[in-house]
Each structure stands twice: as C-alpha cells, then as structure tokens.
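Given next are the chains, with one letter for each unit.
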Amino acid sequence: MTREYLKKATLTSKSDASDVKATVRKILDDIEAGGDKAAMEYAAKFDQYDGNVVVTRAEIEAAAALVPEKLKQDIQFAHDNVRRFAEAQKETLKNIEVEVVPGLIAGQKSIPVTGAGCYVPGGRYSHIASAIMTVTTASVAGCKHIVACSPPRPGVGIAPAIIYAADLCGADTILAMGGVQGVAAMTFGLFGLPRANILVGPGNQFVAEAKRMLFGRVGIDMIAGPTDSLILADATADPMVVATDLVGQAEHGYNSPVWLVTDNRPLAEEVMRIVPGLIDDLPEVNRDNAFAAWRDYAEVILCADREEMAATSDDYAPEHLTVQAEDLDWWLGRLSCYGSLFLGEETTVAFGDKAAGTNHVLPTSGAASYTGGLSVHKYMKIVTWQRATREGSKPVAEATARISRLEGMEGHARTADIRLKKYFPDETFDLTSNG
Ligand SMILES: NC(=O)C1=CN([C@@H]2O[C@H](COP(=O)(O)OP(=O)(O)OC[C@H]3O[C@@H](n4cnc5c(N)ncnc54)[C@H](O)[C@@H]3O)[C@@H](O)[C@H]2O)C=CC1
Ligand SMILES: O=C(O)[C@@H](O)CS(=O)(=O)O
Ligand SMILES: [Zn+2]
C-alpha cells in the first residue's frame, strides 16, 4: 500500500463513544423505571418541550395547512419513488417450498413484523426525507402499526412538513419526542402505544447508541449514526463538483466525515483549495457543521492506482460512496463495501438522500462492511416451515434418532423413535449411535 494522506482526520466516529454510552444507559434506565413521566422530563431537559406528545388528527391537519403546495408535490414525488423502489424490492422476496427428500417439503416465507418504530431525526435539520424513507418502507412491508417519532422544537412541536410526510407515507401514530426518550417510548410502549418490534431510522450518536443498547429486546435496522461519505475520483473528475459534493455532506454535523480518495495529486490539491471557500459561503449553522467536520474528520488520500483506491474505499466501508471516474462498470463490479453507491457525476448523494427512490437510511461508521441500508427486507422475518408424509418422515426420523443419541440427547431421539414405531410397526431399525 502506498496510500498518502494529504489530509488526515484527528477524530473518528469512536472519539466520544464512552461518554455517549454512559449518558444513554442512564436515560434508558430512568425511562424504563419512570415511564411516560420520565420520558417527558427528558424531553423538557433536552428539547425544552412540555407540549402534547401523541400528535392528534387536528394537529396533523393544522400542520398540513402550513406546508406549501409545491413542497407537498415534492414530498409526494419522493414518496412515490421510494414506494416504487420498495415494492420492487419486496417482489424479490419470494416464498418458496422444496421437496428436500421425497415426501418431506420445507418452505420459507416472509412475514412483516407487526410494530415498526421509525425515528425521524430533527435536532439540527428537519429531516423530512427520513420520514419518507422509514415510514414508506414500513408501510410497503406490511407492518400493522407504524409509529414515527421526531424531536419537537421548543414550544412548537415537530416541524409541520415532517408531520405531513409521516402521515402521507402511512404512520399510524406520530410522537413528538426525540433522542433517546423517543426511541425508549417506542420500545417500551409508552404513551399508550403498542411496543415496537423493530426500530428503524437514522439519528445522532445518542439515538444510534440507544438502538444498539436496546437491540435484542427489539430488532433494529442497523446502526445509522452520523453520516459519512467517500468520493472516489480520478483525473477525469471535475474538482468543483467533487468539492461541492464533499461540502454538501459535511454540513450534516460537526462529526460527519467526508473522505476523498484519488490517484491524481493535482485533483486532490485543487479540491482542498476549493473546499474552504465553499464552506465559508454556507448559511451559519451549515457552515459551522461543515467547518468542524472538514477540520476534524475529513481526509484526502492519494493512491497509486484505481485498484488501491477501491481497496481503500472498501476498508472505510462508507455509508455513501460516489465514483467520479472513468469506467463506471469496473467500479460497480469491484467495490464491495458501501451503503449506497452513486455512479458518475450525473447523480449525487443528495439525490439519494431526498428523492431518487433508494433509501437514505444507511449503515455508518464502517457498518457497511456487514450490512446494507434500510429496505423492505429489514422489516421482514424470513421464517421456515415443513411438513411430511409418513414415508417422507422415515429417513429423517432414522437420522435424527442416531444423531441425537450420539449427541447424548435421548429425549430428542425418542421423538423420532415413537414415529418410526407408530408408522412402521412391522419394520426394525438400527437407531443406536454406534451402529
Ligand atoms: N445514517 C443515516 O442514514 C442518516 C443519518 N443522519 C444523521 O442523523 C443525525 C441527526 O442528528 P440531530 O440533528 O442531532 O437529530 P436527532 O433527532 O438524531 O437528535 C436530536 C435529539 O438528540 C438528543 N440529544 C441532544 N443532545 C443530547 C445530549 N447531550 N444527551 C442526550 N441526548 C441528547 C435530544 O433528545 C434531541 O431530541 C446526524 O448525525 C445525521 O448525520 C441523518 C439522516 C440519515
Ligand atoms: O445519512 C444520510 O443518508 C443523510 O445524508 C440523509 S439526509 O441528507 O439527512 O436526508
Ligand atoms: Zn445528506
């Protein structure tokens, strides 16, 4: 490896992990013990909110009235694209049955979980698109009860467009509660809600840690914490487009890493020259986020060739991966660790974030080395079943009896013995483990 770091991060996603763990543990324990009241106390503490928690139909209608018509059309457009893609993904999940041995049929079917708890972040920005991504997929999957929760703004509640989008996409209940307390409310079944069977959706490091801690008693889609993005660019890339795309994702938060991996030193240097000016030009909050993210978390890595670029990218396993280089098919075939891949300059991460149809709830902090992003499949339990004729059960019962005995599991062996004796009374079988 000849990787050269033209810019190296001083912080990583693990940097403030231990403080976050202790904070989240305490909040979860307090809320589990104290129920609705404790959750509301945390809402008051972190979000300065003491208003209504379960959003009423009248509040949903009032919110809808505040959303401009053009934005409603855009939300509908994005929802339609996410729904279409999710429906096509669902089609790939086929129920199957196969005759494993003559007379014994085994099958697989997929069953949606009953309760989905969708976290819609809202601390820094109003993540309308996250409501579309999570609620639409839960609805297409066929979940029977879908809760969307999102942090309220002090004295105001959830942003009207988030309420509108969650309702349009199929949420049965909308909860004005964010952070760990929102996640806890859906998991523990507070405020009269049924307990969620799965928690989905992105969020900051507190939300991601709460999901990680609750995993086991509730399912989770994945760890979808602070956004990260990597761009692979060669000499053919436009430095201004590359720089704009990096800054575009760095605005997510002070801890959102962006990485540029290239085999072209002049491109790298030009991008590094352009980025600070683009950051300066952003509105204040976005500028502060992008400035800190670029200073502390961003990296620019020079590689020898495209093979080394691809290997570097797979090591990082980024949430979003963009290729602005020649021979897109080669990259599509070669790359193996990413949440969502954006091939060519004509598409960009923001398209996937907002409206293209692929999901934007994606694995962060390297989790793309073992999982993809949110899809209909995450809400589905892939279960199996079997049935058999008496003839079909015979060879399986013989093998089961012998294997069980060898394992020392006599009770198991006898459940096979009894069937052989009942169905084939005139036959003798050697069911010893040493036969
Ligand atoms: N991976 C993915 O697919 C996506 C990730 N994201 C990420 O979601 C995140 C959104 O973050 P936010 O804007 O903060 O919204 P958020 O809704 O995730 O978090 C806000 C909540 O954090 C809690 N909180 C804030 N400070 C706290 C503290 N000191 N202790 C305990 N709780 C605290 C509050 O309860 C507040 O309600 C970003 O990091 C963004 O990158 C966003 C969209 C998609
Ligand atoms: O992490 C992500 O996928 C986000 O970039 C999505 S959004 O830009 O916050 O909608
Ligand atoms: Zn984004």
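Residues numbered from 1 in each chain as written. Chains lettered and ligands numbered in written order. Predicted model: local features only at pLDDT ≥ 70, side-chain atom pairs only at ≥ 80, totals over all residues. Heavy atoms only, no water.

Trainee: For the site of ligand 1, give the residues involved together with the corresponding values.
Mentor: Contacts to ligand 1 come from 30 residues, most closely from Asp47, Tyr119, Arg124, Asn204 and His360. Within the contact set of ligand 1, a nitrogen atom lies 3.3 Å away from a backbone nitrogen or oxygen of Gly225. For ligand 1, whose unbound accessible area comes to 860 Å², protein coverage reaches 88%. Within the residue set of the shell around ligand 1, elements represented by two or more residues are helix H1 (17-47), helix H6 (179-188) and helix H7 (205-214). No other element matches the four residues that H1 contributes to the shell around ligand 1. For the shell around ligand 1, the residue count by class is 12 nonpolar, 15 polar and three charged. Each of domain 1 (20-221 + 377-382) and domain 2 (226-368) gives at least three residues to the shell around ligand 1. (Near = heavy atom within 4 Å. Polar contact = N/O pair within 3.5 Å; in protein donor to acceptor, adjacent residues only side chain to side chain. Areas by Shrake-Rupley, 256 points an atom, 1.4 Å probe, with all protein chains shown as cover. Helix = DSSP H or I, 4+ residues; strand = E, 2+ residues; numbered from the N terminus. Nonpolar A, V, L, I, M, F, W, Y, C, P; charged D, E, K, R; others polar. Domains from an automatic or database assignment.)

Trainee: Tell me about the environment of Thr10, and name the residues and values.
Mentor: Take Thr10: it is sitting in the loop between strand E1 (4-7) and H1. Thr10 sits 320 residues away from Trp330 along the chain, and the two C-alpha atoms are 32 Å apart. Those residues within four positions of Thr10 in sequence are excluded, and the remaining contacts are Arg295 and Asp296. (Contact = heavy atoms within 4.5 Å.)

Trainee: So what about the site of ligand 2? Which residues, and what values?
Mentor: Around ligand 2, the structure places His127, Thr227, Gln249, His252, Glu319, His320, Asp353, Lys354 and His360. Residue His127 places a side-chain N or O atom 2.9 Å away from an oxygen atom belonging to ligand 2. A distance of 3.4 Å separates an oxygen atom of ligand 2 from a polar atom in the side chain of Gln249. For ligand 2, the protein covers 94% of the area, taking 290 Å² as the surface of the free molecule. When its residues are assigned to classes, the shell around ligand 2 shows no nonpolar, six polar and three charged.

Trainee: Requested: an account of the side chain of Thr312, with residues and values cited.
Mentor: Inspection of the secondary structure puts Thr312 in helix H11 (residues 306-316). Once you skip the residues sitting within four places of it in the chain, Thr312 turns out to touch Arg3, Val261, Ile301 and Cys303.

Trainee: Hey, could you go over the UniProt feature "binding site: NAD(+)" (unreviewed entry) in the protein chain for me, with residue numbers and the actual values?
Mentor: The residues that UniProt annotates with the feature "binding site: NAD(+)" (unreviewed entry) are Tyr119, Gln181 and Asn204. These residues run over 86 residues, yet every pair of their C-alpha atoms falls within 13.0 Å of each other. Position of Tyr119 among the secondary structure elements: in strand E4 (residues 115-119). The buried category is assigned to Tyr119, whose relative accessible area is 4%. (UniProt positions renumbered as here; feature names shortened; annotations may be inferred. Buried < 20%, exposed > 50% of the residue type's maximum accessible area, 1.4 Å probe, protein only.)

Trainee: So, the sheet that holds strand E3 (residues 104-112): which residues are in play, and what are the values?
Mentor: The three strands lie next to each other as E2-E3-E14, forming an open sheet whose pairing is antiparallel. Unpaired on one side and paired on the other, strand E2 (96-101) and strand E14 (380-388) mark the two borders of the sheet. Within the sheet, the average angular offset between the axes of one strand and its neighbour, ignoring direction, is 25°. (Pairing = 2+ DSSP bridges. Axes fitted to C-alpha atoms, helices over the stretch in contact; angles between N-to-C directions.)

Trainee: So, the coordination of the zinc ion (ligand 3): which residues are in play, and what are the values?
Mentor: In the first shell of the zinc ion (ligand 3), the protein supplies Gln249 (OE1), His252 (NE2) and Asp353 (OD), at 2.0 to 2.8 Å from the metal. All donors of the zinc ion (ligand 3) belong to a single chain; written as a sequence motif, their spacing is Q-x2-H-x100-D. Remark: Asp353 occurs in helix H13 (residues 349-354) and Gln249 occurs in helix H8 (residues 239-250); sequence separation between them is 104 residues. Classification of Asp353 as buried rests on a relative accessible area of 6%. (Donors = N, O, S within 2.8 Å, 3.2 Å for Na, K, Ca; no water.)

Trainee: Just give me the short version of the pairing of strand E5 (residues 145-150), but keep the residues and values in it.
Mentor: In terms of burial, E5 is a largely internal element, five of the six residues being buried. Alignment of E5 against strand E6 (residues 173-176), held across four bridges, turns out to be parallel. In the strand pairing of E6, Cys149 is matched with Leu175. This β-α-β element, E5 to helix H5 (residues 160-169) to E6, shows right-handed connectivity. (Right-handed = clockwise from strand over helix to strand, strands pointing away.)

Trainee: Describe in detail the nonpolar core, supporting the description with residues and values.
Mentor: Among the nonpolar cores identified, the biggest contains 47 residues, and Ile132, Cys143, Ile174 and Tyr379 are the most heavily contacted of them. Within the residue set of this core, elements represented by two or more residues are helix H2 (57-66), helix H3 (69-91), E4, helix H4 (128-141), E5, H5, E6 and strand E7 (198-200). Here this core takes eight residues from H4, the largest share from any one element. Not counting the four nearest positions on each side in its chain, Tyr379 is found in contact with Ile111, Pro112, Val113, Ala116, Thr134, Thr137, Ala138, Ala141, Cys143, Ile198, Val200 and Leu374. (Core = buried A, V, L, I, M, F, W, Y, C linked by side-chain atoms within 4.5 Å.)

Trainee: Give me the lowdown on the domain arrangement of the protein chain, citing residues and values where you can.
Mentor: How big an interface is tends to be stated in terms of the accessible area lost upon association of its parts. Examined at the domain level, the protein chain breaks down into domain 1 (20-221 + 377-382), domain 2 (226-368) and domain 3 (389-434). A separation of 48 Å is found between the C-alpha centroids of domain 1 and domain 3.

Trainee: With reference to specific residues and values, describe the sheet that holds E4.
Mentor: The parallel open sheet is built from five strands, whose spatial order is E6-E5-E4-E7-E8. Only two strands of the sheet have a single neighbouring strand rather than two, namely E6 and strand E8 (219-220).

Trainee: Give a description of the pattern of salt bridges that names residues and reports values.
Mentor: All told, the structure shown has 24 salt bridges when counted by the stated rule. Where Arg295 meets Asp296, a salt bridge forms, and the shortest distance between an N and an O atom there is 2.8 Å. (Salt bridge = Lys/Arg side-chain N within 4 Å of Asp/Glu carboxyl O.)

Trainee: Help me get a handle on the UniProt feature "binding site: substrate" (unreviewed entry) in the protein chain, residues and values and all.
Mentor: Taking the UniProt record as the reference, the feature "binding site: substrate" (unreviewed entry) is found at Thr227, Gln249, His252, His320, Asp353, Glu407 and His412. These residues run over 186 residues, and the two farthest C-alpha atoms among them are 56.3 Å apart, placing them at more than one spot. Along the chain, His252 falls in the loop between H8 and strand E10 (258-262). Overall, His252 belongs to the buried group, its relative accessible area being 18%. With sequence-adjacent residues up to four places away left out, His252 is seen in contact with Arg124, Tyr125, His127, Thr227, Asn289 and Asp353. Apart from the residues within four sequence positions on either side, Asp353 is in contact with Ala129, Met133, Gln249, His252, His320 and His360. One polar contact links Asp353 to Gln249, side chain to side chain, over a distance of 3.0 Å.

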